[in-house]
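# Structural overview
What follows is the residue order along each chain.
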Amino acid sequence: MDASDKHTSWYAIRTFNCQELRLAEFLTEKGKEYFVPMTYAERRNREGHVKRMLVPVVHNLVFVRKDESQKQMMHLLAECNLPMMVFRKEGSGEWYEIPDGQMLEFRALCDPDFKDTLFMTSEEADAKPGKMVEVIHGPFTGMTGKLHRVKNSYYFIKTLVGVGVMLHISRWYCRVLD
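The structure contained in this document is the topic of the report that follows.

Calculation rules
- Residues numbered from 1 in each chain as written.
- Predicted model: local features only at pLDDT ≥ 70, side-chain atom pairs only at ≥ 80, totals over all residues.
- Heavy atoms only, no water.
- Pairing = 2+ DSSP bridges.
- Helix = DSSP H or I, 4+ residues; strand = E, 2+ residues; numbered from the N terminus.
- Axes fitted to C-alpha atoms, helices over the stretch in contact; angles between N-to-C directions.
- Contact = heavy atoms within 4.5 Å.
- Phe/Tyr/Trp six-rings, centres within 6.5 Å; stacked < 30°, edge-to-face > 60°.
- Buried < 20%, exposed > 50% of the residue type's maximum accessible area, 1.4 Å probe, protein only.
- Lys NZ or Arg CZ within 6 Å of the ring centre and 35° of its normal.
- Salt bridge = Lys/Arg side-chain N within 4 Å of Asp/Glu carboxyl O.
- Arc of directions from axis to C-beta.
- Core = buried A, V, L, I, M, F, W, Y, C linked by side-chain atoms within 4.5 Å.

Attention now goes to the sheet that holds strand β11 (residues 153–160). Taking strand neighbours across the sheet as the criterion, the six strands line up as β8-β12-β11-β10-β9-β13 in an open arrangement whose pairing is antiparallel. Each edge of the open sheet carries a strand with a single partner, namely β8 (117–121) and β13 (174–176). Here the strands of the sheet are splayed against their neighbours by 40° on average, with no regard to which way each runs. Note: β8 against strand β12 (residues 163–168), five bridges, orientation antiparallel. Along β12, the bridge assignment pairs M120 with G164. With respect to the sheet, helix α3 (residues 100–109) is in contact with β8, β11 and β12, its orientation differing from that of β11 by roughly 135°.

Here you go:
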């Protein structure tokens with residue numbers, strides 16, 4: 001990552017009718033960097049065989065890296081001819097920009113190869129009790145989020161633009177924030 005990448009940001013786009021993968025194809029054709037949170041699911045094919053495949057975690061959600069002005073991006077998205085809306089800042093028409101650091105953390109948490117990862121709405125995640133912590137050991141060192149206890153297990157919860165990610169973590173890997 002060069003110095004210019006430190007200040008990049010991302011837009012969150014909501015599609016409709018499960019069109020996130022069609023929008024992703026369009027963005028690929030246009031050479032745009034995007035992220036669709038994916039997870040593995042087992043699906044049966046017509047012959048009855050079970051196949052493990054990647055599917056979107058949350059339908060209708062695509063993140064796209066901001067690499068041009070909002071106006072230019074608006075024109076580009078209009079070319080796609082899919083119904084969609086870009087998340088906006090409350091009380092303004094400006095598009096909500098997600099800092100690159102937050103997206104980096106979110107993308108790491110959404111790795112489909114991690115076991116015991118649960119996805120939920122941000123409202124569900126916010127409703128879970130827990131203390132704010134910083135992860136001090138392991139692959140998520142430096143991330144902050146909520147530590148939630150279920151019986152004798154602990155889960156790290158992080159939310160971003162309506163999506164909550166909850167993954168199993170040792171409480172000893174976390175430091176409570178004041």
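This is not the end of the story, as more comes after the structure.
A few words now on the packing of aromatic side chains. Per the stated rule, a full pass over the model turns up five aromatic pairs. Where F63 meets F106, the ring centres are 5.6 Å apart and the plane angle is 65°; that geometry is what we call edge-to-face. Here F106 lies in helix α3 and F63 lies in strand β5 (residues 61–65), a separation of 43 residues in the sequence. With respect to class, F63 is no different from F106; both count as buried. Between the NZ or CZ atom of R52 and the centre of the ring of Y40, over which it lies, the distance is 3.8 Å.

Now for the pattern of salt bridges. Counting across every chain of the model gives 10 salt bridges. Among the salt bridges present, the one from E79 reaches K30, with a minimum N-O distance of 3.0 Å. Of this pair, E79 sits in helix α2 (residues 70–79) while K30 is found in the loop between α1 (20–29) and β2 (34–35), placing the two residues 49 residues apart along the sequence. R65 is paired through a salt bridge with E33; the nearest N and O atoms lie 2.7 Å apart. Here the residue R65 occupies a position in strand β5, and E33 occupies one in the loop between α1 and β2, the gap between them amounting to 32 residues. With a relative accessible area of 35%, E33 lands in the partly exposed category. Connected via shared salt-bridge partners are E33, R65, D100 and R107.

Side chains of residues three or four places apart in an α-helix project in the same direction, reflecting 3.6 residues per turn. Of all the residues in α2, the buried ones are M73, L76 and L77. Down the axis of α2, the buried set is contained in an arc of 95°. They therefore lie on one face. Summarising the geometry of α2, the exposed residues directed more than 90 degrees from the buried face are K71, H75 and A78. Two residues or fewer after α2 comes N81, characterised by a positive phi angle close to 60°.

This brings us to the nonpolar core. Within soluble globular proteins, side chains that are nonpolar tend to cluster in buried spots. Core analysis: the largest hydrophobic core is formed by 25 residues, its most contacted members being F63, I98 and F106. For this core, the elements supplying multiple residues, two or more each, are β1 (9–15), β5, α3, β9 (131–135), β11 and β12. Sequence-distant contacts of I98, defined by excluding residues within four places in its chain, comprise S9, W10, A12, F63, M103, L160 and V161. Counting 17 residues, the second largest nonpolar core, distinct from the first, contains Y11, V36, L76 and L82.

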